[in-house]
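# Commentary on secondary and tertiary structure
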Amino acid sequence: MHFIKPVSYKHWFILLLFLTSIGCLSGTRPDVRLSPKLDKRLYQIIPLPLTVGIYIEPTLRNYVQEAPLKQDEAGTPYYVFPNFVFPIGETLSSKIEEMSGILFKKAILIDSLQNKEALDGILTISLKNSEIELHMEISVWRAIGRHNLSITASFLDPKLNTVWNSEIAVEGKGLDFVTSQVEHEWWITTGPKFGPAVDDAIEKLTYELAQKLIASKEISEIKN
């Protein structure tokens, strides 16, 4: 009678990596989960006594970005991650809407720019630039994410004349370590948690935008 020699754990692991890489490298990864939070300092701001329309350009709302992983020159990786997909537009837009609800007496989402006599003004937002860099250091098993994010913001009067405009640019950072053998195996096959770099950028940007709107004399004097 012949017995089949059991496959070692190491061989199973190598097979798992091979099968996973075949499946993943056939296309891009699923969307990276993003979960930014508003800066707590926003809740301490006294709302401006304005009813404002919030117009976020459709190109920003629908913006999705793929970011490739860069490898450390010091080591040769034995697993290659495909591009990561970041649904930035939807997440950023929702946080701008949430921030506007805190900043103004009333914030109304609008889907087009036209004469809005019932409003005190219109806040418009468009994407200027978004750059994501993902870097994995094989020697220490850590991943570093950086996200340079910038928007253009304008405040219009009801007749669509520009009252105020500004560009806001921030850098988000994220770091992910491997802390155990189990996580090490998961990390190789599934990938680092790169979302925090984008979350950080969105959190910084919404707070910076709110600060600039509050500091604007042109906006604060609208109802005076």
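Throughout, residues of each chain are indexed from 1 in the direction in which the sequence is written. Reporting of local features is limited, given that this is a predicted model, to residues whose pLDDT is at least 70; pairs of side-chain atoms are given and counted only at 80 or more, and all residues count toward the totals for whole chains, interfaces and linings. With hydrogens and water stripped out, all remaining heavy atoms of the structure feed into the side-chain values.

### Brief notes about the overall build of the chain
Test applied: The way it works is that DSSP assigns letters per residue, a run of H or I at least four long becomes a helix, a run of E at least two long becomes a strand, and they are numbered from the N terminus. Burial status follows relative accessibility: with a 1.4 Å probe on protein chains alone, a residue under 20% of its type maximum counts as buried, one over 50% as exposed, and anything between as partly exposed. Only heavy atoms enter the contact rule, under which two residues are in contact if any of them lie within 4.5 Å. Per-residue accessibility takes into account occlusion by the displayed protein chains alone, with areas from the Shrake-Rupley method and a 1.4 Å probe.
Scanning the chain from N- to C-terminus turns up six helices and eight strands. Looking at the 224 residues of the chain, the share that counts as buried comes to 46%. Residue pairs in contact within the chain that sit at least 24 positions apart in sequence constitute 78% of those at least 6 positions apart. Entry remark: accessible area of the chain is about 12,700 Å², with carbon and sulfur atoms responsible for 54%.

### Quick notes on the environment of Asn 83
Spelled out, the test is: A 3.5 Å cut-off defines polar contacts: any pair of N or O atoms within that distance qualifies, except that in protein one atom must be a possible hydrogen donor and the other a possible acceptor, and neighbouring residues in sequence count only when both atoms are side-chain atoms.
Mapped onto the elements, Asn 83 comes out in the loop between β3 (69–71) and β4 (84–86). Between the C-alpha atom of Asn 83 and that of Leu 134, which follows or precedes it by 51 residues, the distance is 9.7 Å. Polar contacts involving the side chain of Asn 83 include one to the side chain of Glu 66, which spans 3.5 Å.

### Notes on empty space enclosed by the protein
Summary: where empty space remains is shown by rolling a probe the size of a single water molecule over the atoms. Applied cut-off: Points on a 1 Å grid over protein atoms alone make up a cavity when a 1.4 Å probe fits among them but cannot get out, and a pocket when they form an open set with protein on both sides within 12 Å along at least five of seven lines; lining residues each have an atom within 4 Å of a point. Grid points are joined across faces, edges and corners, and a volume is the space filled by probe spheres set on the points. Ten residue types, Ala, Val, Leu, Ile, Met, Phe, Trp, Tyr, Cys and Pro, are classed as nonpolar, four, Asp, Glu, Lys and Arg, as charged, and the remainder, Gly among them, as polar.
Counted according to the given criterion, the structure contains two cavities of 30 Å³ or more. By volume, the second largest cavity is sized at about 40 Å³. Elements with a minimum of two residues in the lining of the second largest cavity: β7 (142–156), β8 (162–177) and α5 (195–215). In terms of residue count, the dominant contributor to the lining of the second largest cavity is β8 (three residues). A breakdown of the residues in the lining of the second largest cavity according to their chemical character gives five nonpolar, two polar and two charged.

### Some remarks on the confidence of the model for the chain
The cut-off we apply is this: Per-residue confidence from the predictor is reported as pLDDT, a score between 0 and 100.
Here the chain shows a mean pLDDT of 83. Residues at 70 or above account for 79%. Model confidence for the chain, summarised as mean pLDDT per element, is weakest for helix α1 (residues 9–25) at 44 and strongest for helix α3 (residues 88–103) at 97. pLDDT under 50 marks residues 1–26. Its contacts with residues more than four places away, or in other chains, come to 18 contacts.

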